[in-house]
Amino acid sequence: QVKLVESGGGSVQAGGSLRLSCAVSGYQYSTRCLGWFRQAPGKEREGVASLYTDAGATAFADSVKGRFTISQDNAKNTMYLQMNSLKPEDAAMYYCAARTTIGIWCPPVILDTDFDYWGQGTQVTVSS
């Protein structure tokens, strides 16, 4: 059974940093497309970043480009989202997600409809 577990959320002041983790189990981690999404109250879910696990290829939404990075620990089947220079508008529930496809790079646009498995989310708050 596929399970995605996010952790690392918390409350920080603007300009601070957080590192989120997404631990994957019940699922072949290699050659997979994983994603990070966020949803703030009253807003639609937004694609933040994606990772093709085999190549380590990443993509980021324009709103976070240059501030967020992705890394991974393949031995632990874990993806990380390093969030730097956080802004109040970054506050949201952050979710990791996975596609069912194998050996296919992530689409260039990060859309929630392309992802099939979801974690429960981890909350990020940013105070100004």
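This one's a predicted model, so the numbers in the text were calculated from it and none came from an experiment.

**Student:** Would you explain the pattern of salt bridges in this entry?
**Tutor:** Working definition: two side chains of opposite charge can pair if their charged atoms are close together. Tallied over the full model, the rule gives four salt bridges. The residue Arg-38 makes a salt bridge to Glu-46 at a minimum N-O spacing of 2.9 Å. Under the relative-accessibility criterion, Arg-38 is labelled buried at 6%. A salt bridge links Asp-90 to Arg-38; the shortest N-O distance between them is 2.9 Å. One end of the pair, Asp-90, is in the loop between strand E8 (78–83) and strand E9 (92–98); the other, Arg-38, is in strand E4 (residues 33–39), with 52 residues separating them in the sequence. Each member of the pair, Asp-90 as well as Arg-38, carries the same accessibility label: buried. Each member of the salt-bridge network shares a partner with another, and the members are Arg-38, Glu-46, Arg-67 and Asp-90.

**Student:** Please explain the environment of Lys-65 as it appears in this structure.
**Tutor:** For Lys-65, the position within the fold is in the loop between strand E6 (57–60) and strand E7 (68–73). Each C-alpha atom of the pair Lys-65 and Val-48 lies 9.0 Å from the other, and the pair is 17 residues apart in sequence. There is a polar contact of 3.1 Å between the side chain of Lys-65 and the side chain of Asp-62.

**Student:** Would you take a moment to explain the packing of aromatic side chains for this structure?
**Tutor:** The geometry of an aromatic ring pair is captured by the separation of the ring centres together with the interplanar angle, meaning the angle of the planes. Enumeration over the complete set of coordinates arrives at four aromatic pairs. Their ring planes at 70° and their centres at 5.8 Å tell us that Tyr-27 and Tyr-117 sit as a pair that is edge-to-face. Note that Tyr-27 is positioned in the loop between strand E3 (18–25) and E4 and Tyr-117 in strand E10 (residues 117–118), a separation of 90 residues in sequence. Residue classification places Tyr-117 among the partly exposed residues on the basis of a relative accessible area of 30%.

Scoring rules and cut-offs
- Residues numbered from 1 in each chain as written.
- Predicted model: local features only at pLDDT ≥ 70, side-chain atom pairs only at ≥ 80, totals over all residues.
- Heavy atoms only, no water.
- Salt bridge = Lys/Arg side-chain N within 4 Å of Asp/Glu carboxyl O.
- Buried < 20%, exposed > 50% of the residue type's maximum accessible area, 1.4 Å probe, protein only.
- Helix = DSSP H or I, 4+ residues; strand = E, 2+ residues; numbered from the N terminus.
- Polar contact = N/O pair within 3.5 Å; in protein donor to acceptor, adjacent residues only side chain to side chain.
- Phe/Tyr/Trp six-rings, centres within 6.5 Å; stacked < 30°, edge-to-face > 60°.

So yeah, pure geometry; function would need other evidence.
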